[in-house]
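A look at the structure
One letter stands for each residue in the lines below.
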Amino acid sequence: MERIEQHASFGGRQEVWRHASSSLNGDARFGIYLPPAALRGERCPVLYWLSGLTCTEQNFITKAGAQEHAARHEVIVVAPDTSPRGKAVANDASYDLGQGAGFYVDATEAPWSAHYRMQVYVAQELPALVERYFAASDARGIFGHSMGGHGALVTALRHPGRYRSVSAFAPIVAPSQVPWGEKAFAAYFGADRAAWRAWDAVELVKTAAERLPLFVDQGDADEFLATQLRPELLRAACAAAGHPLTLRMQPGYDHSYYFIASFLADHFAHHAQALRG
(Lines give C-alpha, C1' and ligand atoms only; values in the text may rest on other atoms or scores of the structure.)
Protein backbone atom coordinates (compact mmCIF):
# COMPACT_ATOMS: atom_id res chain seq x y z
CA MET A 1 0.00 0.00 0.00
CA GLU A 2 1.41 3.35 -1.07
CA ARG A 3 -0.42 6.66 -0.75
CA ILE A 4 0.33 8.72 -3.85
CA GLU A 5 -2.05 11.69 -3.31
CA GLN A 6 -3.70 13.48 -0.41
CA HIS A 7 -5.75 16.67 -0.34
CA ALA A 8 -7.68 18.30 2.51
CA SER A 9 -11.35 18.64 1.56
CA PHE A 10 -14.43 19.65 3.61
CA GLY A 11 -12.70 18.81 6.85
CA GLY A 12 -11.74 15.37 5.61
CA ARG A 13 -9.10 14.10 3.23
CA GLN A 14 -9.16 12.88 -0.36
CA GLU A 15 -6.46 10.29 -0.94
CA VAL A 16 -5.29 8.04 -3.79
CA TRP A 17 -3.57 4.74 -3.06
CA ARG A 18 -1.64 2.23 -5.14
CA HIS A 19 -1.29 -1.41 -4.15
CA ALA A 20 -0.49 -4.85 -5.52
CA SER A 21 -3.70 -6.69 -6.38
CA SER A 22 -3.90 -10.47 -6.34
CA SER A 23 -7.22 -10.35 -8.23
CA LEU A 24 -5.86 -8.24 -11.07
CA ASN A 25 -2.39 -9.79 -11.07
CA GLY A 26 -0.71 -6.38 -10.96
CA ASP A 27 -0.85 -2.92 -9.44
CA ALA A 28 -4.17 -1.17 -8.84
CA ARG A 29 -5.18 2.32 -7.75
CA PHE A 30 -8.19 3.66 -5.92
CA GLY A 31 -9.36 7.01 -4.58
CA ILE A 32 -10.72 7.18 -1.05
CA TYR A 33 -12.37 10.11 0.69
CA LEU A 34 -12.13 9.98 4.48
CA PRO A 35 -14.71 12.25 6.16
CA PRO A 36 -13.82 14.08 9.38
CA ALA A 37 -15.37 11.30 11.48
CA ALA A 38 -13.08 8.70 9.89
CA LEU A 39 -10.03 10.87 10.51
CA ARG A 40 -11.04 10.91 14.18
CA GLY A 41 -10.99 7.14 14.14
CA GLU A 42 -14.75 6.59 14.10
CA ARG A 43 -15.87 3.61 12.03
CA CYS A 44 -17.82 4.91 9.02
CA PRO A 45 -19.90 3.11 6.38
CA VAL A 46 -18.39 2.86 2.92
CA LEU A 47 -19.89 3.84 -0.42
CA TYR A 48 -18.20 2.37 -3.50
CA TRP A 49 -18.32 4.32 -6.76
CA LEU A 50 -17.75 2.58 -10.11
CA SER A 51 -16.89 4.85 -13.05
CA GLY A 52 -17.66 4.48 -16.75
CA LEU A 53 -15.78 3.76 -19.96
CA THR A 54 -12.36 5.44 -20.39
CA CYS A 55 -12.29 6.63 -16.77
CA THR A 56 -9.75 6.11 -14.00
CA GLU A 57 -10.16 6.75 -10.27
CA GLN A 58 -9.61 10.44 -11.01
CA ASN A 59 -12.80 11.31 -12.91
CA PHE A 60 -15.22 10.96 -10.04
CA ILE A 61 -13.02 12.39 -7.30
CA THR A 62 -12.23 15.53 -9.32
CA LYS A 63 -15.50 16.20 -11.20
CA ALA A 64 -18.48 15.07 -9.14
CA GLY A 65 -18.17 17.19 -5.99
CA ALA A 66 -18.70 14.09 -3.86
CA GLN A 67 -16.52 15.16 -0.95
CA GLU A 68 -19.01 17.70 0.42
CA HIS A 69 -21.80 15.10 0.47
CA ALA A 70 -19.55 12.44 1.99
CA ALA A 71 -18.43 14.78 4.77
CA ARG A 72 -22.01 15.78 5.59
CA HIS A 73 -23.24 12.18 5.76
CA GLU A 74 -20.04 10.86 7.39
CA VAL A 75 -19.46 8.12 4.83
CA ILE A 76 -16.21 6.96 3.28
CA VAL A 77 -16.24 6.98 -0.53
CA VAL A 78 -14.01 4.59 -2.48
CA ALA A 79 -13.51 4.96 -6.24
CA PRO A 80 -11.41 2.24 -7.91
CA ASP A 81 -9.99 2.34 -11.41
CA THR A 82 -12.15 0.86 -14.16
CA SER A 83 -9.77 -1.92 -15.24
CA PRO A 84 -6.33 -3.41 -14.69
CA ARG A 85 -3.47 -1.39 -16.17
CA GLY A 86 0.08 -1.97 -17.36
CA LYS A 87 2.22 -3.04 -20.31
CA ALA A 88 1.60 -6.72 -19.57
CA VAL A 89 -2.21 -6.25 -19.47
CA ALA A 90 -4.19 -7.10 -22.59
CA ASN A 91 -5.62 -4.08 -24.38
CA ASP A 92 -7.46 -2.99 -27.50
CA ALA A 93 -7.17 0.09 -29.69
CA SER A 94 -10.83 0.99 -29.17
CA TYR A 95 -12.10 2.83 -26.10
CA ASP A 96 -14.82 0.31 -25.25
CA LEU A 97 -12.67 -2.79 -24.75
CA GLY A 98 -9.58 -3.50 -22.69
CA GLN A 99 -7.90 -1.00 -20.40
CA GLY A 100 -10.47 1.54 -19.24
CA ALA A 101 -13.28 -0.87 -20.10
CA GLY A 102 -13.18 -3.69 -17.55
CA PHE A 103 -17.00 -3.83 -17.22
CA TYR A 104 -16.57 -5.05 -13.61
CA VAL A 105 -16.66 -8.70 -14.69
CA ASP A 106 -14.35 -11.69 -14.22
CA ALA A 107 -13.21 -12.59 -17.73
CA THR A 108 -12.92 -16.25 -18.66
CA GLU A 109 -11.39 -15.97 -22.14
CA ALA A 110 -7.70 -15.48 -22.98
CA PRO A 111 -5.90 -13.11 -23.00
CA TRP A 112 -8.33 -11.16 -20.79
CA SER A 113 -8.68 -13.76 -18.03
CA ALA A 114 -5.09 -13.23 -16.86
CA HIS A 115 -5.88 -9.78 -15.42
CA TYR A 116 -9.51 -8.80 -15.99
CA ARG A 117 -11.08 -9.93 -12.72
CA MET A 118 -12.67 -6.65 -11.72
CA GLN A 119 -15.71 -8.23 -10.06
CA VAL A 120 -13.75 -10.15 -7.46
CA TYR A 121 -11.55 -7.09 -6.97
CA VAL A 122 -14.46 -4.70 -6.39
CA ALA A 123 -16.68 -7.03 -4.39
CA GLN A 124 -14.08 -8.85 -2.29
CA GLU A 125 -10.45 -7.75 -2.41
CA LEU A 126 -10.96 -3.98 -2.27
CA PRO A 127 -13.53 -3.99 0.59
CA ALA A 128 -11.31 -6.32 2.62
CA LEU A 129 -8.41 -3.93 2.15
CA VAL A 130 -10.48 -0.82 2.97
CA GLU A 131 -11.97 -2.40 6.08
CA ARG A 132 -8.52 -3.50 7.26
CA TYR A 133 -6.52 -0.33 6.75
CA PHE A 134 -9.05 2.48 7.23
CA ALA A 135 -11.71 3.43 9.80
CA ALA A 136 -14.36 1.60 7.80
CA SER A 137 -17.27 -0.47 9.02
CA ASP A 138 -18.74 -3.41 7.09
CA ALA A 139 -21.82 -1.35 6.10
CA ARG A 140 -21.48 -1.00 2.33
CA GLY A 141 -23.33 0.73 -0.49
CA ILE A 142 -22.47 0.80 -4.18
CA PHE A 143 -23.25 3.15 -7.07
CA GLY A 144 -21.84 4.10 -10.44
CA HIS A 145 -22.24 5.68 -13.87
CA SER A 146 -22.78 4.13 -17.32
CA MET A 147 -20.49 1.05 -17.44
CA GLY A 148 -20.04 1.64 -13.71
CA GLY A 149 -23.81 1.82 -13.24
CA HIS A 150 -23.96 -1.60 -14.84
CA GLY A 151 -21.19 -2.68 -12.48
CA ALA A 152 -23.00 -1.38 -9.40
CA LEU A 153 -26.32 -3.04 -10.25
CA VAL A 154 -24.72 -6.36 -11.19
CA THR A 155 -22.40 -6.43 -8.17
CA ALA A 156 -25.26 -5.79 -5.75
CA LEU A 157 -27.52 -8.35 -7.45
CA ARG A 158 -24.78 -11.00 -7.53
CA HIS A 159 -23.94 -10.60 -3.82
CA PRO A 160 -27.18 -10.60 -1.81
CA GLY A 161 -26.67 -9.33 1.73
CA ARG A 162 -23.32 -7.72 0.99
CA TYR A 163 -24.63 -4.22 0.23
CA ARG A 164 -27.26 -2.21 2.04
CA SER A 165 -27.96 0.11 -0.89
CA VAL A 166 -27.39 0.48 -4.62
CA SER A 167 -27.97 3.21 -7.19
CA ALA A 168 -26.86 4.19 -10.68
CA PHE A 169 -26.59 7.06 -13.11
CA ALA A 170 -27.38 6.20 -16.75
CA PRO A 171 -26.45 2.53 -16.34
CA ILE A 172 -26.00 -0.02 -19.11
CA VAL A 173 -28.84 -2.17 -17.79
CA ALA A 174 -28.83 -4.93 -20.41
CA PRO A 175 -25.27 -5.30 -21.74
CA SER A 176 -26.09 -8.56 -23.52
CA GLN A 177 -28.56 -6.63 -25.72
CA VAL A 178 -26.57 -3.48 -26.64
CA PRO A 179 -23.43 -2.87 -28.73
CA TRP A 180 -21.08 -1.89 -25.89
CA GLY A 181 -21.90 -4.98 -23.89
CA GLU A 182 -22.04 -7.37 -26.84
CA LYS A 183 -18.53 -6.37 -27.91
CA ALA A 184 -17.06 -6.61 -24.41
CA PHE A 185 -18.85 -9.82 -23.42
CA ALA A 186 -17.89 -11.60 -26.65
CA ALA A 187 -14.25 -10.83 -25.86
CA TYR A 188 -14.33 -11.53 -22.13
CA PHE A 189 -16.64 -14.60 -22.14
CA GLY A 190 -16.69 -15.94 -25.69
CA ALA A 191 -19.60 -16.57 -28.02
CA ASP A 192 -21.87 -18.46 -25.60
CA ARG A 193 -24.53 -15.88 -24.77
CA ALA A 194 -25.87 -18.03 -21.95
CA ALA A 195 -22.73 -17.14 -19.99
CA TRP A 196 -23.44 -13.44 -20.49
CA ARG A 197 -26.66 -13.56 -18.47
CA ALA A 198 -24.75 -13.80 -15.18
CA TRP A 199 -23.45 -10.27 -15.84
CA ASP A 200 -26.65 -8.60 -17.05
CA ALA A 201 -28.81 -6.68 -14.55
CA VAL A 202 -32.01 -7.25 -16.52
CA GLU A 203 -31.40 -11.00 -16.40
CA LEU A 204 -30.29 -11.04 -12.75
CA VAL A 205 -33.41 -9.20 -11.56
CA LYS A 206 -35.54 -12.10 -12.78
CA THR A 207 -34.10 -14.48 -10.18
CA ALA A 208 -32.75 -12.10 -7.53
CA ALA A 209 -32.63 -13.66 -4.07
CA GLU A 210 -32.81 -10.24 -2.40
CA ARG A 211 -35.20 -7.38 -3.14
CA LEU A 212 -32.68 -4.60 -2.62
CA PRO A 213 -34.33 -1.43 -4.00
CA LEU A 214 -32.74 -0.06 -7.18
CA PHE A 215 -32.47 3.72 -7.56
CA VAL A 216 -31.64 4.97 -11.08
CA ASP A 217 -31.36 8.43 -12.62
CA GLN A 218 -31.29 8.80 -16.40
CA GLY A 219 -31.15 11.94 -18.52
CA ASP A 220 -33.60 12.04 -21.40
CA ALA A 221 -31.12 14.01 -23.56
CA ASP A 222 -28.43 11.32 -23.15
CA GLU A 223 -26.91 10.54 -26.57
CA PHE A 224 -26.58 6.86 -25.61
CA LEU A 225 -30.10 6.44 -24.25
CA ALA A 226 -31.76 4.56 -27.11
CA THR A 227 -28.80 2.51 -28.33
CA GLN A 228 -26.68 1.57 -25.29
CA LEU A 229 -28.60 2.23 -22.06
CA ARG A 230 -32.25 1.27 -22.65
CA PRO A 231 -33.65 1.80 -19.13
CA GLU A 232 -37.08 0.64 -20.29
CA LEU A 233 -35.71 -2.93 -20.25
CA LEU A 234 -34.88 -2.64 -16.56
CA ARG A 235 -38.27 -1.13 -15.81
CA ALA A 236 -40.02 -4.02 -17.55
CA ALA A 237 -37.88 -6.67 -15.87
CA CYS A 238 -38.42 -5.19 -12.41
CA ALA A 239 -42.15 -4.88 -12.97
CA ALA A 240 -42.37 -8.52 -14.06
CA ALA A 241 -40.30 -9.76 -11.11
CA GLY A 242 -41.81 -7.45 -8.51
CA HIS A 243 -38.39 -5.97 -7.81
CA PRO A 244 -38.46 -2.45 -6.29
CA LEU A 245 -37.17 0.18 -8.72
CA THR A 246 -37.16 3.97 -8.70
CA LEU A 247 -36.31 5.14 -12.22
CA ARG A 248 -36.23 8.92 -12.68
CA MET A 249 -36.02 10.34 -16.19
CA GLN A 250 -34.42 13.77 -15.91
CA PRO A 251 -35.49 16.20 -18.66
CA GLY A 252 -32.68 17.86 -20.60
CA TYR A 253 -29.76 16.05 -18.96
CA ASP A 254 -27.05 14.26 -20.92
CA HIS A 255 -24.44 11.59 -20.07
CA SER A 256 -21.84 13.90 -18.54
CA TYR A 257 -20.60 14.70 -15.04
CA TYR A 258 -22.78 17.82 -15.14
CA PHE A 259 -25.69 15.36 -14.92
CA ILE A 260 -24.06 13.33 -12.14
CA ALA A 261 -23.22 16.39 -10.05
CA SER A 262 -26.77 17.71 -10.40
CA PHE A 263 -28.36 14.70 -8.66
CA LEU A 264 -25.52 13.34 -6.57
CA ALA A 265 -26.98 14.75 -3.34
CA ASP A 266 -30.11 12.61 -3.83
CA HIS A 267 -27.99 9.50 -4.24
CA PHE A 268 -25.96 10.23 -1.13
CA ALA A 269 -29.19 10.72 0.82
CA HIS A 270 -30.52 7.42 -0.52
CA HIS A 271 -27.40 5.56 0.55
CA ALA A 272 -26.97 7.34 3.87
CA GLN A 273 -30.48 6.39 4.93
CA ALA A 274 -29.70 2.71 4.34
CA LEU A 275 -26.14 2.82 5.65
CA ARG A 276 -26.82 4.83 8.79
CA GLY A 277 -30.49 4.07 9.35
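Residues numbered from 1 in each chain as written. Predicted model: local features only at pLDDT ≥ 70, side-chain atom pairs only at ≥ 80, totals over all residues. Heavy atoms only, no water.

1. Some points on the overall build of the protein
Across its full length, the protein holds eleven helices and nine strands. For the protein, whose C-alpha radius of gyration is 17 Å, the value lies close to the compact-globule estimate of 19 Å for 277 residues. C-alpha extents for the protein along the principal axes are approximately 50 × 40 × 35 Å. Classification of the 277 residues of the protein by burial places 59% in the buried group. A fraction of 71% describes how many contacts in the protein between residues 6 or more apart in sequence connect residues 24 or more apart. When the accessible surface of the protein is split by element, carbon and sulfur atoms take 49% of a total near 10,700 Å². Distance from the positive charge centre (25 side chains) to the negative charge centre (28 side chains) of the protein: 4 Å. (Helix = DSSP H or I, 4+ residues; strand = E, 2+ residues; numbered from the N terminus. Rg over C-alpha atoms; globule rule 2.2 N^0.38 Å. Buried < 20%, exposed > 50% of the residue type's maximum accessible area, 1.4 Å probe, protein only. Contact = heavy atoms within 4.5 Å. Areas by Shrake-Rupley, 256 points an atom, 1.4 Å probe, with all protein chains shown as cover. Lys, Arg positive; Asp, Glu negative; His and termini not counted. Charge placed at Lys NZ, Arg CZ, Asp CG, Glu CD.)

2. Notes on the side chain of His69
Structurally, the position occupied by His69 is in helix α3 (residues 66–73). In this structure His69 comes out as buried when scored by relative accessible area, which is 11%. Apart from the residues lying within four places of it in its own chain, the contact partners of His69 are Leu264, Ala265 and Phe268.

3. Regarding the packing of aromatic side chains
For the structure shown, the criterion picks out 19 aromatic pairs. On the numbers, 4.8 Å between centres and 50° between planes, the contact of Trp180 with Phe224 is tilted. With Trp180 in helix α6 (residues 179–189) and Phe224 in the loop between β8 (214–219) and α9 (225–229), this pair connects stretches of sequence that are 44 residues apart. Between Phe259 and Phe263, the aromatic rings sit 6.0 Å apart at their centres with planes inclined by 65°, giving edge-to-face as the arrangement. Taken as a pair, Phe259 and Phe263 lie in helix α11 (residues 257–276) at a separation of four residues, close to a single helical turn. Classification of Phe259 as buried rests on a relative accessible area of 0%. The structure contains a cluster of three or more aromatic residues connected by ring pairs, namely Trp49, Phe60, Phe143, Phe169, Tyr253, Phe259, Phe263 and Phe268. (Phe/Tyr/Trp six-rings, centres within 6.5 Å; stacked < 30°, edge-to-face > 60°.)

4. Some thoughts on the pattern of salt bridges
Going through the model one piece at a time under the given rule, you end up with 14 salt bridges. Of the charged contacts in the structure, one is a salt bridge between Arg3 and Glu15, with a shortest N-O distance of 3.0 Å. Here Glu15 lies in strand β2 (residues 12–21) and Arg3 lies in strand β1 (residues 2–9), a separation of twelve residues in the sequence. A salt bridge links Arg40 to Glu74, with the shortest nitrogen-to-oxygen separation between them at 3.8 Å. With Arg40 in the loop between α1 (36–39) and β4 (44–50) and Glu74 in the loop between α3 and β5 (76–80), this residue pair connects regions lying 34 residues apart in the sequence. By relative accessible area, which is 30% here, Glu74 ends up partly exposed. A single network of salt bridges, built from pairs that share partners, joins Arg3, Arg13 and Glu15. (Salt bridge = Lys/Arg side-chain N within 4 Å of Asp/Glu carboxyl O.)

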